[in-house]
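# Descriptive analysis of the structure
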Amino acid sequence: MSLTVLRSFRIRILALVLGLVTLVLTATIGAIAVKAHAEVKRQVGVQLRTAADTTREALKFRGSRLASAVDVLTTDFGFREAVSSMDEPTMLSAIENQRTRINADLVIVLNPDGRPLPPAV
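Per-chain numbering applies: the sequence of each chain, read as written, is numbered from 1 onward. Per-residue local features are limited, in this predicted model, to residues with pLDDT of at least 70; the limit for side-chain atom pairs, both in listing and counting, is 80 or more; totals at the level of whole chains, interfaces and linings are taken over all residues. Remark: hydrogens and water are excluded; side-chain values derive from all non-hydrogen atoms of the structure.

## Describing helix α2 (residues 77–84)
To keep it simple, the criterion reads: Burial status follows relative accessibility: with a 1.4 Å probe on protein chains alone, a residue under 20% of its type maximum counts as buried, one over 50% as exposed, and anything between as partly exposed. For the purposes of this entry, the term helix denotes a DSSP run of H or I that reaches at least four residues, the term strand denotes a run of E that reaches at least two, and both are numbered from the N terminus. Arc definition: directions from the helix axis to the C-beta atoms. Whenever a nitrogen or oxygen atom comes within 3.5 Å of another N or O atom, the pair is scored as a polar contact, on the condition that within protein one atom can donate a hydrogen and the other can accept it, and that pairs from neighbouring residues in sequence are kept only if both atoms are in side chains.
Phe-79, Ala-82 and Val-83 are the residues of α2 that are buried. Along the axis of α2, the buried positions cluster into a sector of 95°, meaning they face one direction only. In α2, the exposed positions that point more than 90 degrees away from the buried face belong to Phe-77 and Arg-80. The opening residue of α2, the one whose side-chain oxygen lies 3.0 Å from the backbone nitrogen of Gly-78, is Asp-76. Downstream of α2 by one or two residues, Met-86 has phi in the positive range, about 60°.

## With respect to the environment of Ala-33
Its location among the elements puts Ala-33 in helix α1 (residues 2–75). On a C-alpha basis, the gap between Ala-33 and Val-70 in space is 55 Å, while along the polypeptide they are 37 residues apart.

## Concerning the side chain of Gln-98
Heads up, the rule is: In this analysis, two residues are considered to be in contact whenever any of their non-hydrogen atoms come within 4.5 Å of each other.
Among the structural elements, Gln-98 can be located in helix α3 (residues 88–102). By relative accessible area, Gln-98 is classed as buried at 7%. Within the structure, the side chain of Gln-98 is placed 2.6 Å from the side chain of Arg-101, a separation counted as a polar contact. Every residue in contact with Gln-98, bar those within four places of it in the chain, is listed here: Leu-73, Asp-76 and Phe-79.

## Remarks on the nonpolar core
What counts, and what does not: Each nonpolar core is a collection of buried residues, namely Ala, Val, Leu, Ile, Met, Phe, Trp, Tyr and Cys, held together in the definition by side-chain atoms within 4.5 Å.
Counting residues in each nonpolar core, the largest one holds 12 residues, listed as Ala-69, Leu-73, Phe-79, Ala-82, Val-83, Met-91, Ala-94, Ile-95, Ile-102, Ala-104, Val-107 and Val-109. Elements with a minimum of two residues in this core: α1, α2 and α3. The element that contributes the greatest number of residues to this core is α3, accounting for 4 residues. Setting aside chain neighbours within four positions, we find Ile-102 in contact with Arg-62, Leu-66 and Ala-69.

## A look at the pattern of salt bridges
Selection criterion: The term salt bridge refers to a side-chain nitrogen of Lys or Arg lying within 4 Å of a carboxyl oxygen of Asp or Glu.
Throughout the structure, instances matching the rule amount to 5 salt bridges. For the salt bridge of Asp-76 with Arg-101, the shortest nitrogen-to-oxygen distance reads 3.7 Å. One end of the pair, Asp-76, is in the loop between α1 and α2; the other, Arg-101, is in helix α3, and 25 residues separate them in sequence. Residue classification places Asp-76 among the partly exposed positions, given a relative accessible area of 23%.

## A closer look at unusual backbone geometry
Unusually for a residue other than glycine, Met-86 sits at a positive phi of about 60°. Looking at the element boundaries, Met-86 is found in the loop between α2 and α3. Residue Met-86 is classed as exposed on the basis of its relative accessible area, which comes to 53%.

This is the structure in structure tokens:
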């Protein structure tokens, strides 16, 4: 009888220890998962803010370069003559030349009223 009771007692202790170890490991893994999830969210936020700032700066730089190119373009005597000639092939040629020179995707020439002159290139 004492052997059976002893064996039963050992099994209960072993089950209790294994249960506690399992509980501690589960709690630890859960805590690590929650912390990792929070850290991933934080890192994503930082990376998105950095990407947004970089994009904003690149667009600002590109805009200032295009504004400078427009300033140069409006003082270009040859371009002004081509536009004032109102000869559409000449204007389109001059516009295309300037568009390529300043590396613009689109150029629209407006008259003083703000309406486009020839079709946009």
